[in-house]
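Residues per chain are reported as follows:
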Amino acid sequence: MSSRNTKKAPDSGWGWAIVIASFMGQLLAYGSPQSVGVLYTEWLNTFQDSKGMTALVGSLVSGVGLIASPICSACVVNFGARPVTFFSGIMVSGGLMLSAFAPNVQFLVFSYGIVVGLGCGFVYAATVTITCQYFDKRRGLALGIVTTGTSIGGFLYASVQNMFIALFGLDDCLLLIGCFALNIIACAGLMRPLHLPAYYFKQRAALAEKAEEKVLEKTPVVEDPIKKNQPVTNVLITEEIKKSPAYEKSLHVALVQLLKKKQKEYSEYLHSTGVLFQNRVFSAMCVSLLLFCLGAYTPLLYLEDLAQCEGLIDGISTIPLVSIISIAAGVGKLLLGITMDIRWMNSIFLYAFTLLGTGVAILMIPVTKNYAGLQVISAVLGFFYGNWSVIPYMTTKVVGMDRLTEAYGILMFFSGFSIMLGPPVAGWIYDWMHSYDLAFYFSGSFPLLGGAGLFLFALSCCNKNEDETNTLDEEYTDKCDAVATVA
């Protein structure tokens, strides 16, 4: 392994260029998905489909990228952040432009939900991974800035999409924002790798092996003058050898060896994943994140429609509720990211607190009967949504930097699955009850349950490690496995 692949995180220099590129990449990729609530009301009016089916588009665009995080992370590990980000720019832009020609909601499920969602997943995996590589002591601040890009994008795109829809119509709006997304390719150009990807070493090994073969081929041998003058005969003999049973048997053996090698690699990966789940804290994180995402994304889709259905506002506000959520989420990500750099701060407790706050805020939505109240709740929800900047930092401390990519991919798989399920179920509840009250009570209960469970679990860890609870920057290593607080 080259020395270049063992470089320590510089925490400065080109790392800040990486932060800017990653911030812009997330802004351009997630701008439209984070403000999909604006498009949701337009799709309802255009296609006249059920709320549950239409909500599936918005849930998929967030969920698919997360549920495919293990694949996205594997691509980043093998090929590096730069080519993955380049490819994701093409996917996000192409999916948005394709959505402009959607004849029905089912087509949007593929073009916007799946294609754009996968592109966003690749962007997120690449930007978070390369930022963690370039930063160690200031990782919380760097991740806070990078992940703020999704929130700033949501804030800007909510108003921009409203303006484009009013000026050019829904289809032209999607074409224009698809053109904006092409700039993700430019962001990829700045992502100079600090750690060389695995694919580089595989290619280098293959080139070295090929060079050895060429050296052996150049070794002088005594040629048979008869064979030298009969090239056609040599070709015929070679073809006969390829058709011979011995040659076919050798191919079969080589194929079996390849399959065994791949099977061994997959078995090692499954074993490695099993070891991760033996860490009780990591398992608790997976469950709490699943419950959080099951209810937390419902307001992003339905708040605008709720305000219109309840007659709290005519048409769409100049600053939509999703814009307030997005800008507050940006502030939350930045502040929570900075908070992670405080020596005594415990990331487990902080994350559990954000889950509890999210659940309480969602449960307050049905009892709020004025638009100003919804604006306040949107700001509170947005701030707690900033806990996404805590997750990579907390994961690094729990499983270590070496296993960050694998563990983070698993966490995103759980969150993606619940995001895909939560909003459509809330929409189907509305289609059944013709009221959003039960839908929001249903959604708010899950983050509340996840936060309470994680908080109690963290307390139990502290009780089992009484000798280590004098300072919050120590690791809980007894029966609760290796849980490190943020230092």
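Model, not experiment: these values are computed from the prediction.

A. Structural context of the overall build of the chain. Broken down by element type, the chain carries 21 helices and 2 strands. Counting only residues that meet the buried cut, the chain has 51% of its 487 residues in that class. Restricting the contact set of the chain to residue pairs at least 6 apart, pairs at least 24 apart contribute 83%. Element-wise, carbon and sulfur atoms account for 66% of the exposed surface of the chain, whose accessible area totals about 22300 Å².

B. Highlighting the packing of helix α3 (residues 51-67) against helix α6 (residues 105-134). Here α3 crosses α6 at 20°, and the two axes come no closer than 6 Å. One way to sum up the angle between α3 and α6 is to call them roughly parallel. For the pair α3 and α6, the sense of crossing is right-handed. Here α3 contributes Met53, Thr54, Leu56, Val57, Leu60, Val61, Val64 and Gly65 to the contact with α6, which in turn contributes Val105, Gln106, Leu108, Val109, Tyr112, Gly113, Ile114, Val116, Gly117, Leu118 and Gly121. Looking at the contact of α3 with α6, its residues break down into 13 nonpolar, 6 polar and no charged.

C. Region of the structure containing the nonpolar core. If you look at the biggest cluster of nonpolar residues, it comprises 125 residues, and the most contacted ones within it are Tyr112, Phe282, Leu289, Phe292, Tyr351 and Trp388. Looking at this core element by element, the count peaks at 16 residues for α6.

D. Local environment of empty space enclosed by the protein. Across all of its chains, the model carries 5 cavities of 30 Å³ or more by this definition. In this structure, the largest cavity occupies an estimated 250 Å³ of space. Put simply, the parts of the chain that give the lining of the largest cavity at least two residues each are α1 (14-34), α3, α7 (139-168) and α16 (321-339). Among the elements that take part in the lining of the largest cavity, α16 stands out by supplying 4 residues, more than any other.

E. Quick look at the pattern of salt bridges. Under the definition given, this model contains 1 salt bridge. Note that Lys51 and Asp305 form a salt bridge whose closest N and O atoms lie 2.5 Å from each other. With Lys51 in helix α3 and Asp305 in helix α15 (residues 298-309), this residue pair connects regions lying 254 residues apart in the sequence. The exposure classification of Lys51 matches that of Asp305, with both residues buried.

F. Quick look at the side chain of Asn387. Mapped onto the elements, Asn387 comes out in the loop between α18 (371-385) and α19 (390-399). Classification of Asn387 by relative accessible area gives buried; the value is 0%. For Asn387, the residues in contact, after removing those within four places along its chain, are Phe292, Leu336, Tyr351, Thr354 and Leu355.

G. Inspection of α16 at higher detail. Taking 1.5 Å per residue as the helical rise, α16 with its 19 residues ought to reach 27 Å, and the 26 Å between its terminal C-alpha atoms agrees with that figure. Counting buried positions over the 19 residues of α16 gives 14, a clear majority of the element.

H. Here's a closer look at the side chain of Ser111. Position of Ser111 relative to the elements: it lies in helix α6. A distance of 3.0 Å separates a polar atom in the side chain of Ser111 from a polar atom in the side chain of Ser99. Here Ser111 is in contact with Gly95, Leu98, Ser99 and Val116, once residues within four sequence places are set aside.

I. Fine view of the packing of aromatic side chains. Summed over the entire model, instances satisfying the criterion amount to 17 aromatic pairs. Between the aromatic rings of Phe292 and Tyr385, the centroid separation amounts to 6.5 Å while the plane-to-plane angle is 75°, which identifies the pairing as edge-to-face. Placement of the pair is Phe292 in helix α14 (residues 280-296) and Tyr385 in helix α18, with a sequence separation of 93 residues. Exposure class is identical for Phe292 and Tyr385. Each is buried. Site record: aromatic cluster; members linked through ring pairs are Tyr40, Tyr302, Tyr430, Tyr436 and Phe440.

J. Representation of the packing of helix α2 (residues 36-47) against α7. Running from N to C, α2 and α7 cross one another at 30°; their axes reach a closest spacing of 8 Å. Relative to α7, α2 is oriented roughly parallel. Side by side, α2 and α7 meet where Val38, Leu39 and Glu42 of the first sit next to Ala158, Gln161, Asn162 and Ile165 of the second. The class makeup of the residues in the contact of α2 with α7 is 4 nonpolar, 2 polar and 1 charged.

Procedures and definitions
Here the residue numbers are simple positions, counted from 1 along each chain's written sequence. Thresholds applied to this predicted model are a pLDDT of at least 70 for local features of residues and 80 or more for the giving and counting of side-chain atom pairs; totals over whole chains, interfaces and linings are not thresholded and use all residues. As a rule here, side-chain values cover all heavy atoms of the structure and leave hydrogens and water aside. Starting at the N terminus, helices and strands are each numbered in turn, a helix being any DSSP run of H or I of at least four residues and a strand any DSSP run of E of at least two. Burial here depends on accessible area, computed with a 1.4 Å probe over protein chains only, as a share of the maximum for the residue type. Under 20% is buried, over 50% is exposed, and the range in between is partly exposed. Contact between two residues is taken to exist if any of their heavy atoms lie within 4.5 Å; hydrogens are not considered. Throughout, the Shrake-Rupley method with a 1.4 Å probe supplies accessible areas, and for residues the shown protein chains are the sole cover considered. Here the axes come from fitting lines to C-alpha atoms, over the contacting stretch only for helices, and the angles between their N-to-C directions go from 0 to 180 degrees. Oblique is the label for every angle not falling under 35 degrees (roughly parallel), over 145 degrees (roughly antiparallel), or within 65 to 115 degrees (roughly perpendicular). For a crossing to be left-handed, the near helix must be turned anticlockwise from the far one by less than a right angle; the clockwise case is right-handed. Only Asp, Glu, Lys and Arg are considered charged, only Ala, Val, Leu, Ile, Met, Phe, Trp, Tyr, Cys and Pro nonpolar, and every remaining residue, Gly among them, polar. Nonpolar cores were defined as sets of buried Ala, Val, Leu, Ile, Met, Phe, Trp, Tyr and Cys residues, with membership established by side-chain atoms within 4.5 Å. Within this scheme a cavity is a closed region of a 1 Å grid, computed over the protein atoms alone, that accommodates a 1.4 Å probe without allowing it to escape, whereas a pocket is open but has protein on both sides within 12 Å along at least five of seven lines; lining residues each have an atom within 4 Å of a point. Grid points are joined across faces, edges and corners, and a volume is the space filled by probe spheres set on the points. Here, a salt bridge means any side-chain nitrogen of Lys or Arg that lies within 4 Å of a carboxyl oxygen of Asp or Glu. Take the number of residues in a helix, subtract one, and multiply by 1.5 Å to get its expected span. Identification of polar contacts relies on pairs of N or O atoms within 3.5 Å, with a donor-acceptor requirement for protein atoms, meaning one able to donate a hydrogen and the other able to accept it, and with residues adjacent in sequence counted only if both atoms are side-chain atoms. Only centres within 6.5 Å qualify two rings of Phe, Tyr or Trp (six-membered ring in Trp) as a pair; their planes then separate them into stacked at under 30 degrees, edge-to-face at over 60, and tilted for everything else.

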